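# A look at the structure
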Amino acid sequence: MSLRLGDIAPNFQAKTSIGDIDFYEFLGDSWGVLFSHPADYTPVCTTELGRTAALKDEFAKRNVKVLALSVDPVDKHLGWINDINETQNTKVEFPIIADEDRKVSDLYDMIHPNASETFTVRSLFIIGPDKKVKLIITYPASTGRNFHEVLRVIDSLQLTANYQVATPANWQDGEDVIITPAVKTEDIPARFPKGHKIIKPYLRTTPQPNK
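Keep in mind the model is a prediction, meaning the values are calculated, not measured.

As a further point, take the packing of helix α2 (residues 43-54) against helix α4 (residues 74-88). Taken N-terminus to C-terminus, the directions of α2 and α4 make an angle of 75°; their axes are 9 Å apart at the nearest point. One finds that α2 runs roughly perpendicular with respect to α4. The residues of α4 that touch α2, namely those facing Cys45, Thr46, Thr47, Leu49 and Gly50, are Trp80, Ile84, Thr87 and Gln88. The residue makeup of the contact of α2 with α4, split by class, is 4 nonpolar, 5 polar and no charged.

Structure below.
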């Protein structure tokens, strides 16, 4: 059965490029990004893993730990990492799971038979500190992920987890946000002292509360 938003992300133990891990222990109290790749030495994924490594500080300041996955073995991962570091001018330090038995791929429904019987589709999961799935994005093999969008979504998820707000289309960190319908208009000044605008009774905005 496929995972849905709000489901508990399954725990697992796996061999990785940095040694054996328990997924929950690796995450601890952090947020997590788990993303899959069809195979090692694939061109699009080489650029993706390089971009992820280059954004190490951006993930760290958001308290996010990153894990990649491929169905190839650890020794191939290590050779591929050398290529990624060389061609993308970076240093991959996050683990790449060696999912040779497809155990993790099956847990997270990463094998889509209509796309491939054996290789994972390029799925990305954002997992909260409560171990619940907060976001799922699945890309085709031909389209590289936008990691600035991943960071943008993490900013939104972390903000909206702590305040009764939602983020509008194309929102970027620091911009105005939407007050959720659960907040009564008369309660807004106390909850959002930075001020607010009523565009429509159902569309009310306020400056980002945690800035």
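Additional details are given in the paragraphs that follow.
The next point concerns the pairing of strand β7 (residues 133-139). Where strand β6 (residues 122-127) meets β7, 6 bridges bridge the pair, whose relative direction is antiparallel. Directly across from Ile126, in β7, lies its bridge partner Leu135. In textbook terms, the turn of a hairpin is the stretch between consecutive antiparallel strands, and for β6 and β7 this stretch comprises 5 residues, one of which, Lys131, has a positive phi near 70°.

What follows covers α2. Helix length check: α2, at 12 residues, gives a terminal C-alpha distance of 17 Å against a target of 16 Å (1.5 Å per residue), a fit within 8%. Looking only at α2, the buried set comprises Cys45, Thr46, Glu48, Leu49, Gly50, Thr52 and Ala53.

Let us look at the domain arrangement of the chain. When cut into domains, the chain gives domain 1 (7-145) and domain 2 (163-206). Computed from C-alpha atoms alone, the centre-to-centre distance between domain 1 and domain 2 is 35 Å.

Mapping Thr138 onto the fold places it in strand β7. With 44 residues separating them along the chain, Thr138 and Phe94 place their C-alpha atoms 21 Å apart.

What counts and what doesn't
- Residues numbered from 1 in each chain as written.
- Predicted model: local features only at pLDDT ≥ 70, side-chain atom pairs only at ≥ 80, totals over all residues.
- Heavy atoms only, no water.
- Axes fitted to C-alpha atoms, helices over the stretch in contact; angles between N-to-C directions.
- Helix = DSSP H or I, 4+ residues; strand = E, 2+ residues; numbered from the N terminus.
- Parallel < 35°, antiparallel > 145°, perpendicular 65-115°, else oblique.
- Contact = heavy atoms within 4.5 Å.
- Nonpolar A, V, L, I, M, F, W, Y, C, P; charged D, E, K, R; others polar.
- Pairing = 2+ DSSP bridges.
- Expected span 1.5 Å × (residues − 1).
- Buried < 20%, exposed > 50% of the residue type's maximum accessible area, 1.4 Å probe, protein only.
- Domains from an automatic or database assignment.

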